[in-house]
Amino acid sequence: MDDLIENIPSLGRLVRLKPVSADEMSDLRTVHETSVRLHSNDMMSSEDVEEWTCYIRSPAYTDKLIANPNIGAFLQNEMVAAASWRPSIDQPDTAKITALFVRPLFATSGIGSRLLEAMEAETAAAGFQSIAIRSFQNATGFFQTKGYRISSYGIRVISPSLSFPVTFMRKALTDPKRSVHELGADHEEAAN
């Protein structure tokens, strides 16, 4: 029985990765909001979570989402996770991860790892030498297991009344991997 369980592919390999279209922005915001609501309870009060989710529903948040490349992870036709990045303003050889959210039901399934791999591949293919993130405290361990090193600590300000600690992390991109479109092809291989 253990051999059978070990041979079942992880959900991370079954999802289909693709760029998020403008028509999918509502689904993208839902992934962000659901993740914040259920993953942030240990670092924020319920009032803080409510304030942040109100910000996620705002037009300003949608504008930020549209401004960055977004990759969605889809299980059948449902977006279950998403990630985005942008070029660093002050370090031209560095890309910055601006978001990596996995709906709580799918946490620890390998989907977040798959999205991170896709972003690293996409940014390396675009010529970036390193990738950085401003990680929430509850996700720092995940990024450390993926080779990210802590460079400093700081505070993320969401609004004048909402801020919380973050960890700034960085990883060198030395080996360009496949693009998000090629990584999405893994879904087709797993289905066959």
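This structure is a prediction, so every number in the text was calculated from the model and none was measured. (Residues numbered from 1 in each chain as written. Predicted model: local features only at pLDDT ≥ 70, side-chain atom pairs only at ≥ 80, totals over all residues. Heavy atoms only, no water.)

## What to know about the pattern of salt bridges
Link 1 in the chain: The final tally for this structure, using the stated rule, is seven salt bridges.
Link 2 in the chain: In this structure, the salt-bridge partner of E117 is R13, at a minimum N-O distance of 3.3 Å. One end of the pair, E117, is in helix α6 (residues 111–125); the other, R13, is in helix α2 (residues 11–14), and 104 residues separate them in sequence.
Link 3 in the chain: Looking at E117, the relative accessible area reads 23%, which means it is partly exposed.
Link 4 in the chain: The exposure class assigned to R13 is partly exposed, which follows from its relative accessible area of 34%.
Link 5 in the chain: Across the salt bridge formed by E78 and R103, the nearest N and O atoms sit 2.5 Å from each other. One end of the pair, E78, is in strand β3 (residues 78–87); the other, R103, is in the loop between β4 (94–102) and α6, and 25 residues separate them in sequence.
Link 6 in the chain: Judged by its relative accessible area of 41%, E78 is partly exposed.
Link 7 in the chain: R103 sits in the buried class, given a relative accessible area of 18%.
Link 8 in the chain: Overlapping salt bridges, with partners in common, bring together E33, R37, E50 and R57 in one network. (Salt bridge = Lys/Arg side-chain N within 4 Å of Asp/Glu carboxyl O. Helix = DSSP H or I, 4+ residues; strand = E, 2+ residues; numbered from the N terminus. Buried < 20%, exposed > 50% of the residue type's maximum accessible area, 1.4 Å probe, protein only.)

## Thoughts on the pairing of strand β5 (residues 130–136)
Link 1 in the chain: Of all seven residues in β5, six are buried; the element is thus mostly enclosed.
Link 2 in the chain: Pairing geometry for β4 and β5, over four bridges, is parallel. Bridge assignment links A95 to a residue of β5, and that residue is I131.
Link 3 in the chain: Once you follow β4 into α6 and on to β5, the crossover reads as right-handed.
Link 4 in the chain: As defined by bridge partners, β5 adjoins strand β7 (residues 162–172) across seven bridges and the pair is classed as antiparallel. Note that in β7 the partner of I133 across the bridge is M169. (Pairing = 2+ DSSP bridges. Right-handed = clockwise from strand over helix to strand, strands pointing away.)

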